[in-house]
Amino acid sequence: MGGEAIYIDEHCQLINHREENEMQMFAYKSQQCRQALCIVGGIFTCGFLYLLFYWKPEWNVWANCTPCSLEEADVVLLRTTDDFKSYSRKVVRWVYLSPGSDRERPLFQDQGSVLYKVTVHPDLKVRYFEAQKLRYAWDRMESMFVKLGGLDDSLSCKDIHRKYGKGLSEDEENVRRLIVGPNSIEIQISPIWKLLFKEILNPFYVFQVFSVCLWFAEDYMTYAISIIIMSVISISLSVYDVRQQSVKLHKLVAEHNTMNVKVSRMGTVWEEIPSSQMVPGDVFQITGNKQILSCDAILLSGSCIVNESMLTGESIPVTKSALPQESSSGPWKTSSPEDYKRHVLYCGTQVIQIKAASGTAVQAMVLQTGFTTAKGELVRSILYPKPTDFKIYRDATRFLMCLIAVALIGMIYSVIIFTINKVYAGDIVIDALDVITIAVPPALPAAMTVGIIYAQGRLKKRGVFCISPQRINVCGQMNLVCFDKTGTLTEDGLDLWALSEAKDHGFAPLLEFRSDAFLPWGPSYAAMATCHSLITIDGIIQGDPLDIKMFEATGWVLDENTEKFQSTQKDPLSLLVKPGTSLRAPVDGIIVLQQFPFSSSLQRMSVVTHMLDSDELILYMKGAPEKVASLCQPETVPLSFSTHLAVYTQQGFRVIALAYRSLGSSEDISLRKISRESAEMNLTFLGLLILENRLKVETEPVLGELRNACIRSVMVTGDNLQTAVTVAKNSGMVPKSSKVILVEAAPATASTQAYVSWSLVEEPRQNYGAMESHIIMEPITDYHFAMTGKSYEVLLQHFYHLVPKLLLNGTVFARMAPGQKASLVEEFQKLEYVVGMCGDGANDCGALKMAHAGISLSEHEASVASPFTSNIPNIECVPLLIREGRAALVTSFCVFKYMALYSMIQYMGVLLLYWELNDFGNYQFLFEDLAITTVIGVTMNLNHAYPKLVPWRPPGQLISPPLLLSVVFNTCLSLALQTFGFVVVQNQDWYSRTDLLSGCPVWNVSNTSSFLSNDGFQSYENTTVWLLSVISCISIAFIFSKGKPFRKPIYTNYIFMIVLLVQLGVCIFFIFADIAGLYYAMDMVCTPVMWRGYIVIMLLVNFLISFFVEEVIVENRALWLWLKQCFGVKSRRYRVLQRTLEGEPGWPPMAKTEFSHPASLLEKDNMVFQNAAFEHSQEEQPPNWQGAGTGNAR
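Asker: Can you tell me about the sheet that holds strand 39 (residues 783-788), naming the residues and giving the values?
Answerer: Judged by pairing direction, the sheet is mixed, and its 11 strands sit side by side in the order 22-43-42-41-23-36-40-39-37-38-44 without closing on themselves. Of all the strands in the sheet, just strand 22 (464-466) and strand 44 (1152-1155) have a single pairing partner and so form its edges. This sheet shows a mean twist of 20 degrees between the axes of neighbouring strands, independent of strand direction. Two strands pair when backbone bridges link them, and strand 39 and strand 40 (residues 810-814) are joined in this way by 4 bridges, in the parallel orientation. Each residue of the ladder has a partner; that of F785, found in strand 40, is G810. Contacting strand 22, strand 23 (480-483), strand 41 (835-839), strand 42 (853-857) and strand 43 (868-870), helix 28 (residues 877-915) crosses the sheet at an angle of about 145 degrees to strand 42.

If you want it as structure tokens, here you go:
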């Protein structure tokens, strides 16, 4: 019925177990006395308490409610199980059901269904709550909440046909709709006032409101109005962006909610209803004609061809077959003889063609509705994206807390100073609060995202689209990339090279494919002409590129208009292929009567055919050579099969095998009763179809670039192992000089234990049934492991302690199923690699989602399967993304350091002036905050990425010694500079506290005297400290704006350089202008020319010291690596394991076999392991992981 729920105790349970939206749920009951106290608290705090409750829903629940059992709860508190532990508050409600017109009839056909269990009898009501568009109801039998929206997974194939094959009654449909909700994916477009209100309640803008109110109280009118204008523009742009996204998403799903369908009423009548009224269990007609499905459904009768590009990004037609009426009592997903997805029609996909059976309509049963469907889940993933776990944002929050602590110290200091000097209490409060707005830069979070926005724009111009911008920074830390092979590293299209047919227990001479001639007629030829899933749409053949190439090589044509042949056929599910007009063939055509579609888990497909004017049924099969050979009669498989196959796979060819079998006369066999297992056995082996899959031109240089940058490349493919190893060597993923060690593992059987063995790929493999060999070999230092998905599965189940060791040098993973690909990515992540995944097929979707950065090579602008989608049809997008990620990450650090130091410089200047009961003037603040800092914050981010990847990564966390040293040192240096200027100016001979003309040159006294202000801001200390602070902000912007090796040099950022020069020129003009009106406006006073020179010298010395420390110490990577070694800073897990294995004798093992032991099975109880490929959880702490840390490493 949806995500698994797990009972923890009477107060707590887990929902959506092992899913992305897994949450822990706590039960609470509202208490009126607590609610009354909270109302009083909200009144006394002028609503601030409610604001806290809005920001922290868990505080709201804890304050208003008391813990209780799940059965008594009227409020539930949900907490995500990820690292963020975010909370949400939901209210438990009741929905009351109507028994319908026939009160004597049971409410539900299926008395064992979840819907029956969640209904309270005899009151006929359901207790539920909604979270993230999903509905959870109280299961009174299991005593916990379960997710609604679909049929029970426990139903068998037989149950589905027997209980739901005729549809639902109208009364039951209405009751089900009340419980699970309508079948609609509704995206409400929130009114603008609501969006504005939500935006204003953001803590950032609340702080802005506080700051503006304070500035108005201090009569900082101009600056306050400027901030209001900026905030209004920012809020408006944000609201506009959110509104536009809502409108686009609404339009995307609008069609889903406006369709009509015909549903069956207990098999007696078909009724047309809006698709929004459909419920799980309804049976409806599939009409074809490019129909868009409005729900997930199980195909009950007939077959159809659908376009699932909305889900996978691939426009390859997919054939769906009806769910068999198996007698097995097991769940329908597991008892189905092939991949259950072959029977499922997904919401949002398009039906291209339908083929009915026995004249009846093509029928399907609703499996899931609304947001529980495939399309609904995709929309939910957009509405509620998975948070990005990146340390920089958590560190930034912690640093802001430190700045708040520093601000509190400044508040205490200012209160003491003003109290001692008997300043008016109201002014003390205002000036003390003003310190907070100075020390804590409210624009810091926004400024750090500007670099990401610029990087996203640059990527878009290069054809790389991003639906999760925060992951761009994650790409800057990437140090391992998994690549699919076919279509990613190699060309999409396959060229037919030759056919190697079996003959007399061996292989006949090769039959090469030529454009001017076709192969001779025979069973292999017929298999190529029929064993595919091609269709014609608007006269164009569409399907898998391999199938198209194979079929075109025969010269035959596809004819789906087979009505004139139906009179001789018992089953209308047929497809006619016939020779082209220029061909002469011994048959007029072949009709494909039944298709067993290709499945990645089965690694094969087959078709049942018969030739025109013949009653003999023949099955043709194509698939992975090893799989096809295992289904053939042993005497038909050539003795040299393995070595012959290796000859071509070692050269990088892609090889598929062909086989066939006669099933007998069509008069004696019913196609409806024939099963796939019984048909696909005892076949005759025909031969090997050899296809050339060329490397893309860009593959080798890109992999070389990644290798030079110390970024690991790993191949994860569904193709043959030897072919994958050859492609890895040809592409440079495995250097020519490196050894490839094959890791083979087999599960335990009744007579043998599970074992794992190692051998060089180039050498003949030994008999692994024997005991361990003791062959003395030279130690190998440069090696790569290769294994198949089957071996990988055994390693996870029986040899998990070896998995981390093998992954350190594992480079080639072949015959990997989709779930195994996702599991492999997860295992790499456990070793603390930052993993990227690049692929182009539906089989890669799970791995693309699991990776830190999934890159889908697709023609579509946006892909819901991965954060990044590239229009670049090769892997050049990978280094591009890494370069931009590194540049964005370094930019975020630069902006963070600059904003933090700017606030500290201004903070220290204000506190110094408070000593003299002085402060910066309005226009001084305005100039420094807007004309200097804001402009720098925007233009500093414009640096482009450096075109070359260096063999190390930028730091991934803010709370690191180099960055802290930089900020703390420059803060102390600025404090020393301003304090020095503050003290020295007071010791000048011309200095006077009262006579502000004492330092003015004689020729300028008369001009200046009329422009002295009485507002108390003008003083020699004010002028000196302000000039020192504002020019310091310009100098640190130059120092902190890093160029190489992750960004282009600073001088290439022309706008930023012009801004700095203009700002510096204006400030120098302020120093030497001697314009009385200007000094008056800026609250400055005239000083001796010599003192102005001293200010310039102090600033120059400050710049040189800061620049020297930043370049020689802070940016000295070798120095920090040496210090890291001296102090024993812990590295990432994979680095620790690498150093451990370097000193481990006998690793890598060669010509060795290791058997599993019963003790190792007992250790699994202590493992921590979870992956999508298996349905059990194991826990183990591998040896050599002890003491692993999280330090930076390449």
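Asker: Which residues make up the pattern of salt bridges, and what values do they have?
Answerer: Proximity of charged atoms lets side chains of opposite charge pair with each other. By the definition in use, this model includes 24 salt bridges. In this structure, the salt-bridge partner of E827 is K830, at a minimum N-O distance of 3.3 Å. Within this pair, E827 and its partner K830 are both found in helix 26 (residues 818-830), separated by 3 residues, close to a single helical turn. Here E827 falls in the buried class, since its relative accessible area comes to 3%.

Asker: Quick rundown of the environment of E10? Include the residues and the values.
Answerer: Within the fold, E10 resides in the loop between strand 1 (4-9) and strand 2 (12-17). Take E10: its relative accessible area is 55%, and that puts it in the exposed class. On a C-alpha basis, the gap between E10 and A27 in space is 8.4 Å, while along the polypeptide they are 17 residues apart.

Asker: Let's hear about the pairing of strand 20 (residues 350-355): which residues, and what values?
Answerer: Across 2 bridges, strand 15 (residues 291-292) lies against strand 20 in antiparallel orientation. Looking across to strand 20, one finds that I292 is bridged to Q350. In this structure, strand 17 (residues 303-307) lies alongside strand 20, joined through 5 bridges in antiparallel fashion. Across the sheet, N307 pairs through a bridge with Q350, a residue of strand 20.

Asker: Outline unusual backbone geometry, listing residues and values.
Answerer: Cis peptide bonds are those with omega within 30 degrees of zero, and the linkage from K1044 to P1045 qualifies with 10 degrees. The residue P1045 is located in the loop between helix 32 (1020-1040) and helix 33 (1054-1072) in this model. You will see that E832, though not glycine, has its phi angle at about 70 degrees, which is positive.

Asker: If you had to explain helix 23 (residues 721-731) to someone new, which residues and values would you point to?
Answerer: The element helix 23 is largely enclosed, with a buried count of 10 among its 11 residues. All of the buried residues in helix 23 are L721, Q722, T723, A724, V725, T726, V727, A728, K729 and S731. Buried positions along helix 23 lie against helix 20 (641-649), helix 22 (699-708), strand 36 (712-716), strand 37 (739-746), strand 39 and strand 40. With its phi angle positive at about 90 degrees, G732 sits one or two positions after the end of helix 23.

Asker: With reference to specific residues and values, describe a negative patch on the surface.
Answerer: Taken together, the side chains of D9, E10, E71 and E72 present a region of like negative charge at the surface. Relative to the assigned elements, E72 resides in the loop between strand 4 (65-67) and strand 5 (75-80).

Asker: Just give me the short version of the side chain of S870, but keep the residues and values in it.
Answerer: Within the fold, S870 resides in strand 43. Here I872 takes part through its backbone nitrogen, which lies 3.0 Å from a polar atom of the side chain of S870.

Asker: So what's going on with the environment of S759? Residues and values would help.
Answerer: Along the chain, S759 falls in strand 38 (residues 755-760). The spatial distance from the C-alpha of S759 to the C-alpha of T1153 is 9.2 Å, given a sequence separation of 394 residues.

Asker: For the environment of V283, give the residues involved together with the corresponding values.
Answerer: Take V283: it is sitting in strand 14 (residues 283-285). Sequence separation between V283 and S264 is 19 residues, and the spatial gap between their C-alpha atoms is 5.5 Å. Excluding anything up to four places from it in sequence, V283 contacts Y164, G165, K166, G167, K262, V263, S264, W270, L300, Q363, A364 and M365.

Asker: Account for the nonpolar core, with residues named and values stated.
Answerer: Grouped together as the largest cluster of nonpolar side chains are 89 residues, with contacts concentrated most on Y898 and W1026. When residues in this core are grouped by element, the largest group, 20 residues, is from helix 28. When near neighbours in sequence (up to four residues on either side) are disregarded, Y898 contacts I932, T933, I936, M940, C1033, I1036, A1037 and F1040. Of all hydrophobic cores here, the second largest spans 46 residues; its members include M715, A728, A814 and I875.

Asker: How would you explain a nonpolar patch on the surface if you had to name every residue and give the values?
Answerer: A cluster of nonpolar side chains, F216, M221, I225, I228, I229, V232, I233 and L237, forms an exposed patch at the surface whose accessible area comes to about 680 Å². Broken down by element, the nonpolar patch gets its largest block of residues, 7 residues, from helix 9 (residues 221-254). Along the chain, M221 turns up in helix 9. Using a relative accessible area of 34% as the deciding quantity, one classes M221 as partly exposed.

Asker: Any chance you could break down the sheet that holds strand 18 (residues 317-321) for me, citing the residues and the numbers?
Answerer: The sheet built from 4 strands is open, its strands ordered 15-20-17-18 with antiparallel pairing. Both edges of this open sheet fall to strand 15 and strand 18, since each of them pairs with a single strand only. Relative to strand 18, strand 17 runs antiparallel, the two being bridged by 5 bridges. For S303, the partnering residue across the bridge sits in strand 18 and is S321.

Asker: Lay out the packing of aromatic side chains in plain terms, naming residues and giving numbers.
Answerer: Following the criterion strictly, the structure yields 34 aromatic pairs and no others. Between the aromatic rings of F813 and F828, the centroid separation amounts to 6.4 Å while the plane-to-plane angle is 90 degrees, which identifies the pairing as edge-to-face. With F813 in strand 40 and F828 in helix 26, this residue pair connects regions lying 15 residues apart in the sequence. Residue F813 shares its accessibility class with F828, and that shared class is buried. Through a chain of ring-to-ring contacts, three or more aromatic side chains come together here, namely Y792, F813, F828, Y833 and Y1134. In this structure, K125 is placed above the aromatic ring of W94, and the distance from its NZ or CZ to the ring centre is 4.3 Å. Over the face of the ring belonging to Y128 we find R135, whose NZ or CZ atom lies 4.5 Å from the ring centre.

Asker: Could you give an account of the packing of helix 14 (residues 425-439) against helix 28, with specific residues and numbers?
Answerer: Between helix 14 and helix 28, the shortest axis-to-axis distance is 8 Å and the interhelical angle comes to 160 degrees. Between helix 14 and helix 28, the angle is such that the two are roughly antiparallel. Contacts between helix 14 and helix 28 pair D431, D434, V435, I438 and A439 from the former with S903, M904, Q906, Y907, V910, L911 and Y914 from the latter. When the residues that make up the contact of helix 14 with helix 28 are grouped by side-chain class, the tally is 8 nonpolar, 2 polar and 2 charged.

Asker: Could you give an account of the packing of helix 22 against helix 28, with specific residues and numbers?
Answerer: The N-to-C vectors of helix 22 and helix 28 enclose an angle of 35 degrees; their axes lie 9 Å apart at closest approach. Facing V702, E705 and L706 of helix 22, the residues of helix 28 in contact are V878, P879, I882 and R883. Partitioning the contact of helix 22 with helix 28 into residue classes produces 5 nonpolar, no polar and 2 charged.

Asker: I'd like to hear about the state of the cysteines, residue by residue, with values.
Answerer: Under the criterion given, the structure shown has 0 disulfides. Here C65 is not disulfide-linked; the sulfur of C68 is the nearest cysteine sulfur, at 8.5 Å. The thiol of C475 is not disulfide-bonded; the next cysteine sulfur, from C466, is found 7.6 Å away.

About the criteria used
For every chain, the first residue of the written sequence is number 1, and numbering continues from 1 along that sequence. The predicted origin of the model limits local features to residues at a pLDDT of at least 70 and limits the giving and counting of side-chain atom pairs to 80 or more, whereas totals for whole chains, interfaces and linings rest on all residues. Here the side-chain values reflect all heavy atoms present in the structure, with hydrogen atoms and water set aside. Strand pairing requires that DSSP identify at least two bridges connecting the strands. Runs of H or I in DSSP of at least four residues are treated as helices and runs of E of at least two as strands, each being numbered from the N terminus. Here the axes come from fitting lines to C-alpha atoms, over the contacting stretch only for helices, and the angles between their N-to-C directions go from 0 to 180 degrees. When checking whether two residues touch, look at their non-hydrogen atoms; a contact exists if any pair is within 4.5 Å. In the sections that follow, a salt bridge refers to a side-chain nitrogen of Lys or Arg positioned within 4 Å of a carboxyl oxygen of Asp or Glu. Burial status follows relative accessibility: with a 1.4 Å probe on protein chains alone, a residue under 20% of its type maximum counts as buried, one over 50% as exposed, and anything between as partly exposed. Note that patches include only residues with greater than 30% relative accessible area and no salt bridge, and the join distances are 9 Å for like charges and 5 Å for nonpolar side chains (Val, Leu, Ile, Met, Phe, Trp, Tyr). Accessible surface is estimated by sampling points in the Shrake-Rupley manner with a 1.4 Å probe; for residues, cover comes only from the protein chains shown. For the charge count, each Lys or Arg is scored as positive and each Asp or Glu as negative, with His and the chain ends excluded. For charged residues, the charge sits on one atom: NZ in Lys, CZ in Arg, CG in Asp, CD in Glu. Nitrogen and oxygen atoms within 3.5 Å of one another constitute a polar contact, given that in protein one can donate a hydrogen and the other can accept it, and given that sequence-neighbouring residues count only through two side-chain atoms. Take the buried residues of types Ala, Val, Leu, Ile, Met, Phe, Trp, Tyr and Cys, join any two whose side-chain atoms come within 4.5 Å, and each joined set is a nonpolar core. Each Phe, Tyr or Trp ring, with Trp reduced to its six-membered ring, pairs with another whose centre is within 6.5 Å; inter-plane angles below 30 degrees give stacked pairs, above 60 give edge-to-face pairs, and intermediate values give tilted ones. When the NZ atom of lysine or the CZ atom of arginine is within 6 Å of a ring's centre and also within 35 degrees of its normal, the charge is said to sit over that ring. For classification purposes, an angle smaller than 35 degrees is called roughly parallel, one larger than 145 roughly antiparallel, one from 65 to 115 roughly perpendicular, and anything else oblique. As a working rule, the residues Ala, Val, Leu, Ile, Met, Phe, Trp, Tyr, Cys and Pro are called nonpolar, Asp, Glu, Lys and Arg charged, and the rest polar, with Gly in that last group. Cysteine sulfur atoms are paired as a disulfide whenever they come within 2.5 Å of each other.

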